[in-house]
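# What the coordinates show
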Amino acid sequence: MMPVAAQSKASPQTGTGVKIDMRSGRARLVVPPLPSERVLSRLVWTSMITLDNANRTGDYSILYRLGSPGFQQSQNLQSLSALFQPLRDARVDVGRVIHQTPEFYLSPGVDENGIMRLRGGFDDRPRQIRFDILFDYSTGAWRIHGISVVDMESRAPR
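Residues numbered from 1 in each chain as written. Predicted model: local features only at pLDDT ≥ 70, side-chain atom pairs only at ≥ 80, totals over all residues. Heavy atoms only, no water.

Attention now moves to the overall build of the protein chain. For the protein chain, the count of helices and strands is five helices and eight strands. What you see in the protein chain, going N to C, is helices and strands ordered as β-β-β-α-α-α-α-α-β-β-β-β-β. Each of the 158 residues in the protein chain was classed as buried or not, and the buried ones make up 42%. Sequence-distant contacts in the protein chain: of pairs separated by 6 or more residues, those separated by 24 or more amount to 61%. Of the roughly 8900 Å² that the protein chain leaves accessible, carbon and sulfur atoms contribute 51%. (Helix = DSSP H or I, 4+ residues; strand = E, 2+ residues; numbered from the N terminus. Buried < 20%, exposed > 50% of the residue type's maximum accessible area, 1.4 Å probe, protein only. Contact = heavy atoms within 4.5 Å. Areas by Shrake-Rupley, 256 points an atom, 1.4 Å probe, with all protein chains shown as cover.)

What follows covers the nonpolar core. Within the largest apolar cluster, 27 residues are counted, with the highest numbers of intra-cluster contacts made by Met48, Leu51, Phe84, Leu118, Phe131, Phe135 and Val149. Elements represented by at least two residues in this core include exactly helix H1 (37-57), strand E6 (115-124), strand E7 (127-138) and strand E8 (141-153). Looking at this core, the element that brings in the most residues is H1, giving six residues. Apart from the residues lying within four places of it in its own chain, the contact partners of Leu51 are Tyr60, Leu63, Phe84, Leu87, Ile147 and Val149. (Core = buried A, V, L, I, M, F, W, Y, C linked by side-chain atoms within 4.5 Å.)

Two numbers describe a pair of aromatic rings. These are the distance of the centres and the angle of the planes. Per the counting criterion, the structure on display carries four aromatic pairs. On the numbers, 6.3 Å between centres and 10 degrees between planes, the contact of Tyr60 with Phe84 is stacked. With Tyr60 in the loop between H1 and helix H2 (61-65) and Phe84 in the loop between helix H4 (77-83) and helix H5 (85-89), this pair connects stretches of sequence that are 24 residues apart. The residues Tyr60 and Phe84 share a single accessibility class, namely buried. Geometrically, the ring pair formed by Tyr137 and Trp142 is edge-to-face, given 5.3 Å between the ring centres and 70 degrees between the ring planes. Residue Tyr137 is classed as partly exposed on the basis of its relative accessible area of 30%. Here Trp142 falls in the buried class, since its relative accessible area comes to 14%. Cluster of aromatic residues (ring-pair linked, three or more members): Phe104, Phe122 and Phe131. (Phe/Tyr/Trp six-rings, centres within 6.5 Å; stacked < 30°, edge-to-face > 60°.)

On to the pairing of E8, then. Of all the 13 residues making up E8, 11 are buried; the element is thus mostly covered by neighbouring parts of the structure. Alignment of E7 against E8, held across 12 bridges, turns out to be antiparallel. Counterpart to Ser138 in the pairing with E8 is Ala141. Here E7 folds back onto E8 in antiparallel fashion, the turn holding two residues, of which Thr139 has a positive phi close to 50 degrees. (Pairing = 2+ DSSP bridges.)

With 21 residues, H1 should reach 30 Å at 1.5 Å per residue; the first-to-last C-alpha distance of 30 Å fits that figure. Taken together, the buried positions of H1 are Leu40, Ser41, Leu43, Val44, Ser47, Met48, Thr50, Leu51, Asp52, Ala54 and Asn55. The inward-facing, buried residues of H1 abut H2, H5, strand E4 (103-104), E6, E7 and E8. In the stretch just after H1, Gly58 is the one whose phi turns positive, near 80 degrees. (Expected span 1.5 Å × (residues − 1).)

Time to look at the environment of Leu106. Mapped onto the secondary structure, Leu106 falls in the loop between E4 and strand E5 (109-110). When residues no more than four places from it in sequence are discounted, the contact partners of Leu106 are Arg117 and Arg119.

Right, let's talk about the pattern of salt bridges for a bit. Enumeration according to the criterion identifies five salt bridges in this entry. Among the ionic pairs, Asp93 bridges to Arg56, the shortest N-O distance being 2.8 Å. In this pair, Asp93 is assigned in the loop between H5 and E4 and Arg56 in helix H1, connecting sequence segments 37 residues apart. According to the relative accessible area criterion, Arg56 is exposed, its value standing at 56%. Across the pair Arg96 and Asp151 runs a salt bridge, and its minimum N-O distance is 3.1 Å. Note that Arg96 is positioned in the loop between H5 and E4 and Asp151 in strand E8, a separation of 55 residues in sequence. Since its relative accessible area comes to 25%, Arg96 is described here as partly exposed. Three or more residues are tied together by salt bridges with common partners; here these are Asp52, Arg56 and Asp93. (Salt bridge = Lys/Arg side-chain N within 4 Å of Asp/Glu carboxyl O.)

The values reported here are purely geometric and, on their own, carry no functional implication.
This is the structure we're talking about:
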């Protein structure tokens, strides 16, 4: 039941824009808007499928490439493999959730640093796949900034 996580340790401000107010000369962070619920679900499904494929093949290069610049700076293929070893050892089928709609336990949101957090799960009794995924808007797309996935009993507290 131990969460498995990989997260960027670098500054989360890599993907947001900076806008300079010409009157005051002050810079302010431009935070991207929250995507539609359909896009949020797609981001979760894509992350789950990518992680499932990485766990099945032992090749974490796609998961790594889908990461934000900060994620890529703080992780490498070996560290990702080691972090997700418990899921591999338990033979958790993370991909089993792709036909389900994710349930968000926290309202999806974008913080003042432009990091979007999606935390929730897939009710697949008697077990659940739960996730906590951070995304950074970088190079025109939401990219994984941190990811935690756990397989646990459905009745466990959220």
